[in-house]
Each structure stands twice: as structure tokens, then as C-alpha cells.
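Chain and residue survey
Spelled out, the chains give:
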Amino acid sequence: MSAVQAVDLKRTFRTRTGLLRRTAKDVEAVRGVSFRIEPGELFGLLGPNGAGKTTTIKMLITLLLPTGGSASVLGHDVVDDVREVRRRIGYVFGGDRGLYERLSAYDNLRYFSELYGVAPREQKARIGELLELVGLTGRERERVEGYSRGMRQRLHIARGLLHDPAVLFLDEPSIGIDPVGARELRATIGLLKEQGKTVLLTTHYMFEADELCDRIAVIRSGEIVAEGTPTELKQRVPGGRVLEVETYGVPEATVASVGEVGGVRSVAMEERGQQQVLILQCEPDAEVTQGVLARLGGVRVGRVVSREPTLEDAYVELVTRA
Amino acid sequence: MTSLRIFFIGGLMSYRAMFGWLNPWILVPSLVVSPICQILLFAFIGRSAGVGDDEFYVIGNALNYAAIPCLFAMGATIGGEREGHTLGVVLTTPARRIPLFLGRALPVIVNGWGVAMVGVLAGVLLLDVHVPGPAWPTILLVVMVASASCTGLGLAMGAVALRVRETAVLGNVVFCVLLVFCGVNIAVADLPGWMGAVGGWLPMTHAIEAARLLADGSTLGDVGGLVLRELGVGALYTVAGLSLLRWFEDESRRKATLDRN
């Protein structure tokens, strides 16, 4: 039995505008997503903002009803067996919110222990173990409002693990955390994997997904466009190479025209301080540098680097492909 | 056992979590000075207009002010969770909803009772009000019933917080309705028939009448009918609140209403 299974999962939202003359519009957030996560597996769900990652997770954790398809967690249907699903899952999301600011970390964990039905005799020991696991021992009596973002995020994870769930949903847990905090968080997630937890992780950080995930699904516009191990996904950029061009003040129209150069499969732009780095996925043997520089015309250009594709390149290729 | 713990311990912790920001410098003026001011205002209006006596206004307004914690705290206990993004996490727990939300009402009832009793005591100390000694225990009980009944209405308001964010604004409107329709400053019998009829279906109305009778020397047996009616009205709003909570939670799953403004 799979730990998590989604079959042709769909979710459409109806939005209404206007006060007197109401007009309704249907938005398909998730359009038939299917995947399986095996017990003990760490599965990544990657995709750009608005791709449907959080909506998919919300359906799996019973916060939203699917408008089509089905899903189950450890054999329990997310629509019909709501309480059974809730007993078996932990849910952690990223960001500052979602904790009781005026309570201490310890009291936050105590309160959720009650809600998750952790036996009173076990609560103290369990909370102690989890504080140790997430590295908050000694700080547990402080109010959460004084915590750093990284500490809050680790407290979120401890909260999600209180009832020792078999399946954990981590929705962008490392968002906005500094590099040291993010590294500690990855170490914590790695420990969960060692403990045999099944984890569904969404993240925008490709190196994080590459380091942690056994398998990854890439979701774009509500549909899964690729699924496989990180290595398999990297191989999705077949024999290609990547050209990175540092530019300063490149207009959008010029970026689009660079994508039309022969041998260029796709182009994405990344802001790095004052620079805009163009990341070009290229055909294996194509000589594109001259053509690209010609299109850039009067734009100031810095370094031009050619390299092998990474998971991030595979991701960019997948989500920008028409 | 789990549900009992969620009701008592969870309710108290949730109350602390939502209202831990209230330090005494805010709490004392809002829950002590304000009701006393309201009592004094209406008592002196009554005196200068030559209608009613101090006791009428003290009991009416003291009980009416219990509505502030009962309505606003109950609304905030759910609305505040939504603002703090903890509601989604709470709703993904397997905790049974009735003890989860009713437990939050318990500290609110005690809070409302305390506010009302401070008002009554202030009236006795500052104005020309005499409550006979034997009446105090029964008045304490009736005020508790009023507070519980009003918290039922607060629960219904809190349920609405699952759908809309403006429960504080709604709380002001409801407080005003209670002030006018419940016989706080004008006896229900002196209100137009339709207003009196509306008042009969609102919390506080029967408890205010019962407390006035007790202060005038009636026994608990004499006002038993009024107390039972007050309890009935409170139970009605509590059931309505729990049903609304269930309905809005289901609707939030169907229509993603928790994510909307």
C-alpha cells in the first residue's frame, strides 16, 4: 500500500467579482494530478508559484475537497475518512505565521499535543524529544514572538511531529530562512527520513530538493510535467548544455528575442543584485554565443559561462517549456 | 478523556494564546473602567430625567457589559486564529470540534461574569443601590447564566469568523442591539411590542429581569422561569454556533473560504 496516492486529482475554484452584477470565473488550480509516494520515501513536489503545489497538499491534508479524482493517505480516503487521515499526518508550512506568538514554544507544543490526542503521560517526554530533535532545547520557555524565523520553522516541524505521524507534509518549510537555518532544517528533514517517515516536500530551492528527495514531480499550471529521481530529471536536458550570460539592465523584449536564437531551447532570467543573469538551455552542439551577444546589442554584458545542466536547469526547462 | 482534556485544558490554553497580549494596563481600563462609566452615565441620565432608580440601571448595564468579553472574545478566539494562520493547522488536527470550540467558551464565560460583577459591585459602592445579603448568591448565579447565554451568541459570531474577517465590527452592532432590545435601560414592557418580542429571543433579557427581581427581594424559585428561559436562549445560540461552525468548516473545504479575505 502506498503512503500517499493521488489519482487524477483536480481542484477548480470559482471566483466571483462585482457587487450587483456578479460574474463568476472558474480557475483550474490542479488539473488531474496523479502520483504515488511509497512508505519511507521523501517525495518532492516542485513548481513555480501558482502551479498548484499548495492546493494539492491542502487536498491531501483534508483542508480542501477535490473537485475531481481521488486521493488517499495510508489507504484512507481524504474525503470520506477525514479523521483517520488527520490522525496519521503532520502538516508544516513555511513562513512566520501559524504559531501562537504569545505562548512559549513549550506551551505551543502542549496545546497541540492535546489536539492531537497525545496521552498526558507521554506529552512531556515527547515534547522533550522533539525539542532536542529540532535544536530548541533550552529555549522552550521563551515566547515564540521572540524567535527567529529559523527557530519558528523548527518549532513548526516539532509541532507537526507531536503525534508521531507516519506521513509529513512540508510546504516550503525553508522559505525565507537564512543559509545556516536552512542547512539546519535540511539536517532535521534528513533525520526524519532516517526515522522512516514518509515526507512530501515542496520547495523552490533546487539544491534542497536534489539533496533530500528520493523522487521529484514537477508541476506546472496544475499538471505534472515530469516525475523521477533527481538524476533522471537532470537527464531530461538531453545532451544539452547551459549558457549563463551576465547582463545589466536587459529589457524584457531583448530576453524574449534571445530565446529565438537558433539552438536555444529556452531562456530564463534570474535577478542577482544589479545583474540579470540569462540562463539559456541550448542544443548540445549548437554554437549560440555569437548569436546571443548579437541580440543583446547595446546591453552591457559581464561574464559568459558554459556549464553542464543541474536539477535547477532541468526544472527551468520543464516549467518554461511551452 | 481526550475530549475532556481538550475542553478544559485546551480551552484555557487557547484563551491564553489568544489574549496573552492583554496586559493589566489595557485589561483594567477596558473591562473595569468602561463598564463603570456606562453604568454611571445611564444612572445619572435616569436621575436627571426622573425615571427609574439607580438599581435598575446598575443591574441592566453591568450585565449588558458582560457582552463585551462574551461577544468579542468568542469572536476573536476563532477570528484571531484565522489572522494568525493557526486556524488551518488547528483544523487539520483530529480533535473533536465540539469540545475544541466549547472549551474556548469556558474562560470567556468566567471573564464575562467577572466584568458584570465588578459593575454590580461598583454600583453598590458608588450609587444608591442596596442589594440584600441573601440575594447575592442567586445574583451571582444569574449573572453566570447571562454570561453563558451571551457566550452562546458569541460562539455563533465566532463561527461567522470562519467566513468573514470583520467579526469585531459585527460585535459592535450586536452589542448595540443588546443594549437597546434587552431591557438594559428601558424595561422590556415599555418597549414597542415588536422590540420586546425580539428582546425575548436575545441573551441577557431574561437574566437582567431576573437579577432585578432578586435585588428587589425575590427568591430563585420566583425567577426560575426567567432563568430557564435565559438558559434556553443561550442553548439555542450555542447549538446554532456549533452548527454554523460545522457548516462553515465544510464550506471552507468546498470553497476554500478560509483563504479568502
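Thoughts on the nonpolar core
Grouped together as the largest cluster of nonpolar side chains are 159 residues, with contacts concentrated most on Leu63 and Ala211 of chain B. With 13 residues, helix 7 (residues 135-160) of chain B is the single largest residue contributor to this core. Shared between two domains, this core holds at least three residues of each, these being domain 1 (36-61 + 82-234) and domain 2 (241-320) of chain A. Residues contacting alanine 211 of chain B, with those up to four places away along its chain left out, are Ile59, Leu63, Ile139, Val142 and Val143 of chain B. Judged by nonpolar contacts, the second largest core, of ten residues, contains Val245, Val258, Val264 and Val267 of chain A.

Considering the environment of glycine 133 of chain B
One can find glycine 133 of chain B in the loop between helix 6 (97-126) and helix 7. As a C-alpha pair, glycine 133 of chain B and alanine 215 of chain B span 82 residues in sequence and 9.3 Å in three-dimensional space.

Some words on the pairing of strand 13 (residues 275-282) of chain A
All names here are of chain A. Bridge count for strand 11 (residues 241-248) against strand 13 is seven bridges, and the pairing is antiparallel. By the bridge assignment, leucine 243 is partnered in strand 13 with leucine 280. Of the strand pairs in this sheet, strand 12 (residues 264-272) and strand 13 are connected by eight bridges, and their pairing is antiparallel. Residue pairing across strands places valine 264 opposite cysteine 282, the latter belonging to strand 13. The hairpin turn running from strand 12 into strand 13, its antiparallel successor, is two residues long, and glycine 273 in that turn takes a positive phi close to 65°.

Some thoughts on the interface of chain A and chain B
Each partner contributes residues to the interface: chain A has 25 residues there, and chain B has 25 residues. Among the elements of the structure, helix 2 (82-88) and helix 3 (105-115) of chain A are those that each provide at least two residues to the side of chain A that touches chain B. Of all the elements, helix 3 of chain A adds the most residues to the side of chain A that touches chain B, at five residues. Its residues assigned to classes, the side of chain A that touches chain B shows 13 nonpolar, three polar and nine charged.

Considering unusual backbone geometry
Across residues other than glycine, the phi torsion is negative in most instances, and most of the peptide bonds are trans. Within the chain, glutamate 172 of chain A stands out as a residue other than glycine whose phi angle is a positive 50°. Within the fold, glutamate 172 of chain A resides in the loop between strand 7 (167-171) and helix 6 (179-194). If you check the backbone angles, histidine 85 of chain B has positive phi at about 60° while not being a glycine. Positionally, histidine 85 of chain B belongs in the loop between helix 4 (67-83) and helix 5 (87-91).

Some remarks on the domain arrangement of chain A
All names here are of chain A. Examined at the domain level, chain A breaks down into domain 1 (36-61 + 82-234) and domain 2 (241-320). The straight-line distance from the C-alpha centre of domain 1 to that of domain 2 is 35 Å. Taken together, the contact pairs 13 residues of domain 1 with eight residues of domain 2. Only helix 7 (206-212), strand 9 (215-220), strand 10 (223-228) and helix 8 (230-234) provide two or more residues apiece to the side of domain 1 that touches domain 2. Tallied by class, the residues present in the side of domain 1 that touches domain 2 amount to nine nonpolar, one polar and three charged.

Describing the packing of helix 2 (residues 24-49) of chain B against helix 6 of chain B
Residues and elements named next belong to chain B. Interhelical geometry of helix 2 versus helix 6 gives an angle of 50° and a closest axis separation of 9 Å. The angle between helix 2 and helix 6 falls in the class oblique. Note on packing geometry: the crossing formed by helix 2 with helix 6 is right-handed. Of helix 6, the residues touching helix 2 (which contributes Leu31, Val32, Pro35, Ile36 and Ile39) are Val115, Val118, Gly119, Ala122 and Gly123.

Here's the deal with the environment of glutamate 140 of chain A
All names here are of chain A. Along the polypeptide, glutamate 140 turns up in the loop between helix 4 (120-133) and helix 5 (149-161). In this structure glutamate 140 comes out as partly exposed when scored by C-beta crowding, with 18 C-beta atoms within 10 Å. A C-alpha to C-alpha distance of 6.4 Å links glutamate 140 and serine 104, two positions 36 residues apart in sequence. Setting aside its immediate chain neighbours within four residues, glutamate 140 contacts Ser104, Ala105, Tyr106 and Leu131.

Points about helix 3 of chain A
With nine of eleven residues buried, helix 3 of chain A is to be regarded as a mostly interior element. When we look at burial in helix 3 of chain A, the residues that qualify are Ala105, Asp107, Asn108, Leu109, Tyr111, Phe112, Ser113, Glu114 and Leu115 of chain A. Residues of helix 3 of chain A that are buried in the fold lie against helix 4 and helix 5 of chain A together with helix 1 (2-19) and helix 5 of chain B.

What to know about the packing of helix 7 of chain B against helix 11 (residues 224-255) of chain B
Residues and elements named next belong to chain B. Closest axis-to-axis distance for the helix 7/helix 11 pair is 7 Å, and the angle between their directions is 20°. Compared by their axis directions, helix 7 and helix 11 come out roughly parallel. Considering how the two elements wind past one another, helix 7 and helix 11 form a crossing that is left-handed. When the residues that make up the contact of helix 7 with helix 11 are grouped by side-chain class, the tally is 18 nonpolar, six polar and one charged.

Points about the sheet that holds strand 1 (residues 4-17) of chain A
Residue and element names in this part refer to chain A. If you trace the four strands from one edge of the open sheet to the other, you get 2-1-4-5, paired in antiparallel fashion. Whereas interior strands pair on both sides, the edge strands pair on one side only; in this sheet they are strand 2 (23-37) and strand 5 (76-77). Of the pairings in the sheet, the one linking strand 4 (residues 68-73) to strand 5 comprises two bridges and is antiparallel in character. Following the sheet pairing, serine 72 is matched in strand 5 by aspartate 77. Here helix 1 (residues 53-60) sits on the sheet in contact with strand 1, strand 2 and strand 4, set at roughly 115° to strand 1.

Details of helix 2 of chain B
All names here are of chain B. Taking 1.5 Å of rise per residue, the 26 residues of helix 2 would be expected to cover 38 Å, and the 36 Å separating its terminal C-alpha atoms lies within 8% of that figure. At valine 33, helix 2 shows its strongest bend, of approximately 30°, with the proline proline 35 following within four residues. Listing the buried residues of helix 2 in full gives Leu31, Pro35, Gln38, Ile39, Phe42 and Ala43. Residues of helix 2 that are buried make contact with helix 3 (54-65), helix 4 and helix 6. Immediately downstream of helix 2, the backbone of glycine 50 shows phi near 70°, a positive value.

About the thresholds
- Residues numbered from 1 in each chain as written.
- Chains lettered and ligands numbered in written order.
- Predicted model: local features only at pLDDT ≥ 70, side-chain atom pairs only at ≥ 80, totals over all residues.
- Core = buried A, V, L, I, M, F, W, Y, C linked by C-beta atoms within 7 Å.
- Buried ≥ 20, exposed ≤ 12 C-beta atoms within 10 Å, placed from the backbone.
- Helix = DSSP H or I, 4+ residues; strand = E, 2+ residues; numbered from the N terminus.
- Domains from an automatic or database assignment.
- Contact = placed C-beta atoms within 7 Å.
- Pairing = 2+ DSSP bridges.
- Nonpolar A, V, L, I, M, F, W, Y, C, P; charged D, E, K, R; others polar.
- Axes fitted to C-alpha atoms, helices over the stretch in contact; angles between N-to-C directions.
- Parallel < 35°, antiparallel > 145°, perpendicular 65-115°, else oblique.
- Left-handed = near helix turned anticlockwise from the far one by under 90°.
- Expected span 1.5 Å × (residues − 1).
- Bend = angle between axes of the 7 residues up to and from the residue.

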